[in-house]
Amino acid sequence: MIDVHYWPTPNGKKVTILLEELGMPYRIVPAHIGRGDQFTPDFLAISPNNRMPAIVDHEPRGGGAPVSVFESGAIMMYLAEKAGRFYPQDLRGKAEVNEWVIWQMANQGPKLGECGHFRRLGDSQGDQSYAVRRFTDEANRLYGVLNNRLYDRHFICGDEYTIADMICYPWAVNWKAHDIDIAEFPYFRRWLDELGARPAVQKGMAAGSDLQMGDPSKMTREEQEALRKLLYNQRARPVETKGRTAWKG
Ligand SMILES: N[C@@H](CCC(=O)N[C@@H](CS)C(=O)NCC(=O)O)C(=O)O
């Protein structure tokens, strides 16, 4: 059984899509990021960057103690490797899938995340026009990278549907929020439609839809400000010393 520490965001849905595609049994453990669950000692022990998703595999290959993994890209690699599916293991095939998984983690996820953030912000924190333009241009560039890639390929890494496709899908699907004119990217659209028709993708995308952050427009000003601070004004945390022995060299 796999525990998925999860909140229904694009980064979380990458993992539930893969688990649904694999038909691997899993249990959602809600990590309510608007309430601060990501800062609890138990969560930080498996995900020291205070971000979900994270998994705990209670039946790792070869037995032994449970294995925890954080960072969605590492989770996708771990699960696909365990199942022996959606992740070619030959030298060339693996290098190519790795490239696109890392592309997603280092480019598509962070840049589209910032694009959405600044576009949603409005002017409550001052003029954001430079940031909005910067990240909307980056979003456009990145949709173009996928569109170009999919011109002469069925899937991102060729004929085979892999974790590279699954990891890109939950971010790509939000193209409207990134001010993308989808007509500009027909090869990307063909891929998006094909993935969106897969029952496992639909189930993975719907996972945890009963988990609700709460509508910010229905919150008091104090509640809105507390949520903003919790998520958007994070600073370094003091080193946790309880139960740990300092490295002496
Ligand atoms: N690179 C990480 C990013 C994960 C991430 O940003 N998770 C967000 C939700 S989508 C989160 O946990 N946020 C909590 C916080 O900001 O404190 C991954 O792909 O796993």
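Residues numbered from 1 in each chain as written. Predicted model: local features only at pLDDT ≥ 70, side-chain atom pairs only at ≥ 80, totals over all residues. Heavy atoms only, no water.

### What about the pairing of strand β3 (residues 54–57)?
Inference 1: On β3, burial covers both faces: Ala 54 and Val 56 on one face and Ile 55 and Asp 57 on the other are all buried.
Inference 2: Pairing geometry for strand β1 (residues 2–6) and β3, over four bridges, is antiparallel. Among the inter-strand pairings, His 5 is bridged to a residue of β3, identified as Ala 54.
Inference 3: The pairing of β3 with strand β4 (residues 67–70) spans four bridges and is classified as antiparallel. (Buried < 20%, exposed > 50% of the residue type's maximum accessible area, 1.4 Å probe, protein only. Helix = DSSP H or I, 4+ residues; strand = E, 2+ residues; numbered from the N terminus. Pairing = 2+ DSSP bridges.)

### Focus: unusual backbone geometry
Inference 1: Following Met 52, the chain continues into Pro 53 via a peptide bond in cis, with omega recorded as 10°.
Inference 2: With respect to the helices and strands, the residue Pro 53 is situated in the loop between α2 (41–46) and β3.
Inference 3: Located in the positive-phi region is Glu 71, a residue other than glycine, with phi close to 75°.
Inference 4: Among the structural elements, Glu 71 can be located in the loop between β4 and α3 (72–83).

### Looking at the domain arrangement of the chain
Inference 1: What the domain assignment reports for the chain is domain 1 (2–85) and domain 2 (91–205).
Inference 2: Each of domain 1 and domain 2 was reduced to a C-alpha centroid, and the two centroids are 21 Å apart.
Inference 3: Summed over both partners, the interface of domain 1 with domain 2 comes to about 1600 Å²; 71% of that surface belongs to carbon and sulfur atoms.
Inference 4: Put simply, domain 1 and domain 2 have two salt bridges between them.
Inference 5: When the shortest N-O distance is used, the salt bridge between Glu 21 and Arg 198 registers 2.8 Å.
Inference 6: For the pair domain 1 and domain 2, the number of links is five residue pairs in polar contact (both at pLDDT 80 or more). (Domains from an automatic or database assignment. Buried area = accessible area lost by both parts, 1.4 Å probe. Salt bridge = Lys/Arg side-chain N within 4 Å of Asp/Glu carboxyl O. Polar contact = N/O pair within 3.5 Å; in protein donor to acceptor, adjacent residues only side chain to side chain.)

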